[in-house]
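# Structural overview
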Amino acid sequence: MYDIAIVGAGPAGASAALFAAKAGKRTLVLDSDKSMTKRAWMENHYGIMEISGPDMIETGKKQASKFGAEIVEGKVVNIVKTDAGFQIEAEQGTFEAQQVILATGVLVDLAETIGLKTKPGTEPRIKTVFDVDAEGRTNIDGIWAAGTAAGVSVHTIVTAGDGAKVAINILSQLNGERYVDHDLLKS
Ligand SMILES: Cc1cc2nc3c(=O)[nH]c(=O)nc-3n(C[C@H](O)[C@H](O)[C@H](O)COP(=O)(O)OP(=O)(O)OC[C@H]3O[C@@H](n4cnc5c(N)ncnc54)[C@H](O)[C@@H]3O)c2cc1C
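Let me begin by describing the structure that accompanies this report. (Residues numbered from 1 in each chain as written. Predicted model: local features only at pLDDT ≥ 70, side-chain atom pairs only at ≥ 80, totals over all residues. Heavy atoms only, no water.)

## Re helix α1 (residues 11-22)
Its 12 residues place the ends of α1 16 Å apart at the C-alpha level, agreeing with the 16 Å of an ideal helix rising 1.5 Å per residue. Summarising burial for α1: 10 of the 12 residues are buried, a large majority. Each element contacted by the buried residues of α1 is listed here: β1 (2-7), β2 (27-31), α2 (53-66), β8 (93-102) and α4 (156-175). One or two residues past the end of α1 sits Gly24, with phi positive at roughly 85 degrees. (Helix = DSSP H or I, 4+ residues; strand = E, 2+ residues; numbered from the N terminus. Expected span 1.5 Å × (residues − 1). Buried < 20%, exposed > 50% of the residue type's maximum accessible area, 1.4 Å probe, protein only. Contact = heavy atoms within 4.5 Å.)

Printed below as a string of structure tokens:
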């Protein structure tokens, strides 16, 4: 049983996985390798002069794996609520997790299968998004959404930030107090 399972390893998903794994949570990431970011070249991501989308995605996965996140390539086809949490059905098998984050980019086709509420997107070229509250909660308790799929501005600094925000909200809920992850500069 994973503490947190994340569907999508683009900026939103991998950023969420980094925070979750670095907080010591058993973290699973399932990804079908269809990130729009693979076609991007970034010169507007704060703190990084310039970077290609493929390099950003690879670095994000490495950061999350460094702290123990398990990354499995494959498509998630269904998520079923159970007494203990959720059963996640993917091409590579079935997994179990207490909390789930959907960071699926422009792909919200899981919504119908799972019974998640959606709404029209408001960002350019984004047709439909998951209907979430300010914390990132969907209409199913325990399933959250982040990044493009949650309707935020389609820029890596924003989607990665939203992934971190949602992970911090879940960590705070699991820990029963607001979570902070600050490292000190070594002297
Ligand atoms: C051509 C182009 C240029 C861009 N240039 C810039 C730029 O200069 N600066 C900038 O800030 N942003 C840019 N962007 C936008 C940037 O790519 C997005 O803002 C953003 O990072 C999207 O992140 P995301 O994590 O929400 O989605 P994505 O990066 O799309 O990741 C979603 C992931 O979810 C996976 N997934 C979806 N459904 C499933 C499923 N059922 N099972 C398993 N995995 C699933 C997909 O395979 C994908 O890997 C550009 C985008 C494009 C297309």
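Okay, back to it.
## Details of the pattern of salt bridges
Scanning the model with the defined rule gives 9 salt bridges in all. For Asp181, the salt bridge is made with Lys22, and the minimal N-O distance between the two is 2.7 Å. Residue Asp181 is found in the segment after α4, and its partner Lys22 is found in helix α1; the two are separated by 159 residues along the sequence. We classify Asp181 as partly exposed; its relative accessible area is 25%. Residue Lys38 pairs with Asp33 through a salt bridge whose shortest N-O separation is 3.4 Å. Given the relative accessible area of 37%, Lys38 is considered partly exposed. Given the relative accessible area of 31%, Asp33 is considered partly exposed. One connected set of salt bridges, linked through shared partners, spans Lys22, Asp181 and Asp183. (Salt bridge = Lys/Arg side-chain N within 4 Å of Asp/Glu carboxyl O.)

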